[in-house]
Amino acid sequence: MTKTKQIETTGKTGQLTALPHERLERVWAWGGASSSMGYVFRPTTLEQLRDVFELAYQSGRSVGLKGGGNSYGDAFMNSENIVLDLSRMNRILAWDPETGVIQVEPGVSIEQAWKYILEDGWWPPVVTGTMKTTFGGCAGMNVHGKNAWQVGPIGDHILEFDLMLPSGAIMTCSREVHSDIFHAAIGGFGMLGCFTSLTLQMKRIYSGYLQVKTSAPANLQEMFTFFEENLATSNYIVGWIDAFAQGDALGRGDAHLANYLPSGADPNPQQSLRLDRQNLPDTIAGIVPKSSMWMFMRPFMNNWGTSFVNLAKYTAGHLGSGKNYWQTHAAFHFLLDYVPNWKKSYGGDGLIQYQPFIPKENAREAFAAILRTCQQHDLPNYLTVFKRHRPDDFMLTHGLDGYSMAMDFRVTDGRRPQLTTLARELDAIVLAANGRFYFAKDSTLTPETTVAYLGQDTVNQFHALKNQCDPDHILQTDLWRRLFVA
Ligand SMILES: Cc1cc2nc3c(=O)[nH]c(=O)nc-3n(C[C@H](O)[C@H](O)[C@H](O)COP(=O)(O)OP(=O)(O)OC[C@H]3O[C@@H](n4cnc5c(N)ncnc54)[C@H](O)[C@@H]3O)c2cc1C
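A brief look at the structure comes next. From a predicted model like this one, the values you see are computed outputs, not experimental measurements. (Residues numbered from 1 in each chain as written. Predicted model: local features only at pLDDT ≥ 70, side-chain atom pairs only at ≥ 80, totals over all residues. Heavy atoms only, no water.)

Read across the open sheet, the four strands follow the order β1-β2-β4-β3; overall the sheet is mixed. Strands at the two margins of the open sheet, each flanked by one partner only, are β1 (24-28) and β3 (63-66). Direction aside, the axes of adjacent strands within the sheet are offset by 50° on average. Taken together, the five bridges between β1 and strand β2 (residues 35-41) define a ladder with antiparallel strand orientation. When the sheet's bridge partners are listed, leucine 24 is paired in β2 with tyrosine 39. Each of β2, β3 and β4 (82-85) is contacted by helix α1 (residues 46-59), which is oriented at about 175° to β4, the strand it contacts most. (Pairing = 2+ DSSP bridges. Helix = DSSP H or I, 4+ residues; strand = E, 2+ residues; numbered from the N terminus. Axes fitted to C-alpha atoms, helices over the stretch in contact; angles between N-to-C directions. Contact = heavy atoms within 4.5 Å.)

This is the structure we're talking about:
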């Protein structure tokens with residue numbers, strides 16, 4: 001494996017420039033389980049962005065790119081080095097309501113975009129479980145939505161992007177021009193260059209509502225059956241699993257499918273497409289203010305409490321199974337934004353997520369083994385989300401023709417070593433099943449596991465493109481050094 005180079009370039013005088021102390025900030029992983037100190041810069045223009053790269057050369061420091069900071073682990077952290085926060089480069093540069101083509105700066109969030117285009121009858125083709133993510137960060141990880149098996153990851157909807165290299169040069173890339181860099185920078189977690197503008201195709205919609213149907217599969221087998229029976233006729237499907245259930249109930253949960261309303265089905269689309277119809281409620285169940293909900297959840301964030309909550313949720317889902325209703329796009333997609341700061345309920349040491357992707361032919365057995373292994377370690381995950389995916393053309397893809405299970409684990413000082421041991425065991429199950437992993441969610445992978453799932457050839461090709469785009473290895477993050485530097 002190619003080693004990460006030391007940055008050798010110095011300023012014009014030959015002296016390294018010191019970075020300003022006032023820029024030093026603690027940068028937290030979204031899950032709150034790790035943090036590191038970095039010199040944070042927040043440019044608003046291309047010139048300021050170039051200046052930061054120039055400063056990196058002059059100071060002998062590396063640069064890690066940060067969007068909305070919603071990756072669960074260390075993907076945007078860059079200890080003792082520069083963190084380039086792109087969230088203030090957030091202008092919508094062009095929007096064509098006839099064709100649905102949008103051009104954005106990298107810091108534009110999914111929230112900004114859907115709020116901008118909804119009333120024209122469009123919706124982003126791929127959205128994440130939170131609307132706080134930025135297009136730069138979403139392209140950097142090549143995120144997927146609850147429709148991944150049908151429309152692929154966000155990269156499949158990017159028509160073109162501009163990428164600023166650490167030299168300050170800007171390359172325009174598409175499927176036709178610099179196709180190799182197009183397919184490696186999308187999903188390349190900010191290691192080839194910085195997206196400075198992205199052009200994407202949005203999805204036409206004819207109502208502010210989706211038609212939703214619920215089910216409560218009694219075990220993992222029924223969960224798979226629900227997905228397989230509905231894939232051909234649904235636009236979105238997502239499953240939630242009670243990770244505490246055992247025996248015949250292993251893998252039981254809730255599943256929701258949703259479909260766009262066809263043109264003409266909504267009698268009043270002008271009304272339903274209005275922004276104020278999409279607002280998430282201010283209270284839960286009409287009583288508890290959303291902002292304080294995490295405090296009510298806090299006492300339940302242990303194995304006993306969460307097993308009770310999971311049972312209650314499954315029972316409620318079971319009683320309501322088969323329900324059919326209309327739900328706004330925002331309410332269906334951004335369930336995790338309903339409760340602001342819900343991650344605080346996990347306590348001061350936060351959470352990590354582990355999301356393996358397994359080919360469909362191995363998925364039933366592998367996911368059953370994963371759930372059982374977590375239970376044997378007495379480390380059941382507290383929130384488990386199940387999705388279907390398809391393969392794509394991107395170099396470091398996590399996509400495949402199969403399923404993923406995103407699992408949130410509470411971290412405490414005592415649990416850290418146990419979680420590492422558990423992760424090693426789960427890695428072995430995933431690799432034996434020809435599975436893949438996802439850097440956006442990762443905190444525990446090793447360089448060996450990374451090579452094992454990506455393949456040495458792919459890793460070498462990525463290093464070759466990095467040497468071409470970033471010969472001095474200015475672009476680095478804690479994740480890069482953890483997984484790609486042997
Ligand atoms: C509650 C929640 C729900 C989520 N749901 C989903 C989901 O449904 N599907 C899914 O796929 N993911 C999901 N995620 C993960 C999240 O979507 C990804 O981590 C996404 O990349 C975060 O975007 P961000 O703007 O916060 O980027 P960051 O987390 O800040 O950065 C992500 C990566 O992109 C790089 N990057 C940032 N900006 C640029 C740029 N301008 N140019 C090049 N590289 C850049 C960074 O270096 C980093 O490696 C979820 C996360 C949370 C917290």
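Still more to cover.
Applying the stated criterion to the full structure yields 20 salt bridges. When the shortest N-O distance is used, the salt bridge between aspartate 242 and arginine 252 registers 2.8 Å. Highlighted residues: aspartate 242 in the loop between β13 (236-241) and β14 (253-260) and arginine 252 in the loop between β13 and β14, separated in sequence by 10 residues. Assessed through its relative accessible area of 1%, aspartate 242 is described here as buried. Judged by relative accessible area, arginine 252 falls into the buried class, the value being 15%. Measuring nitrogen to oxygen at the nearest pair gives 2.7 Å for the salt bridge that ties arginine 274 to aspartate 276. (Salt bridge = Lys/Arg side-chain N within 4 Å of Asp/Glu carboxyl O. Buried < 20%, exposed > 50% of the residue type's maximum accessible area, 1.4 Å probe, protein only.)

This brings us to the site of the ligand. Surveying the vicinity of the ligand reveals 34 residues, the closest of which are Leu65, Gly67, Ser71, Thr134 and Tyr438. Measuring from a nitrogen atom of the ligand, one finds a backbone N or O atom of histidine 144 at 2.7 Å. Between the ligand and phenylalanine 195, the relevant distance is 2.9 Å, taken from a nitrogen atom to a main-chain nitrogen or oxygen of the residue. Contact with the protein chains hides 98% of the accessible area of the ligand, taken as 960 Å² for the molecule alone. Those elements that provide at least two residues to the shell around the ligand are β3, α3 (135-141) and β10 (194-201). For the shell around the ligand, the element with the highest residue contribution is α3, accounting for four residues. Here the residues of the shell around the ligand sort into 15 nonpolar, 16 polar and three charged. (Near = heavy atom within 4 Å. Polar contact = N/O pair within 3.5 Å; in protein donor to acceptor, adjacent residues only side chain to side chain. Areas by Shrake-Rupley, 256 points an atom, 1.4 Å probe, with all protein chains shown as cover. Nonpolar A, V, L, I, M, F, W, Y, C, P; charged D, E, K, R; others polar.)

Positionally, glutamate 119 belongs in the loop between α2 (110-117) and β7 (122-123). Spatially, the C-alpha atoms of glutamate 119 and tryptophan 28 are 35 Å apart, while their sequence positions differ by 91 residues. With near-sequence residues (within four places) excluded, glutamate 119 lies in contact with Leu273, Arg274 and Leu275. Within the local environment of glutamate 119, its side chain forms a polar contact with the backbone nitrogen of leucine 275, the two atoms lying 3.0 Å apart.

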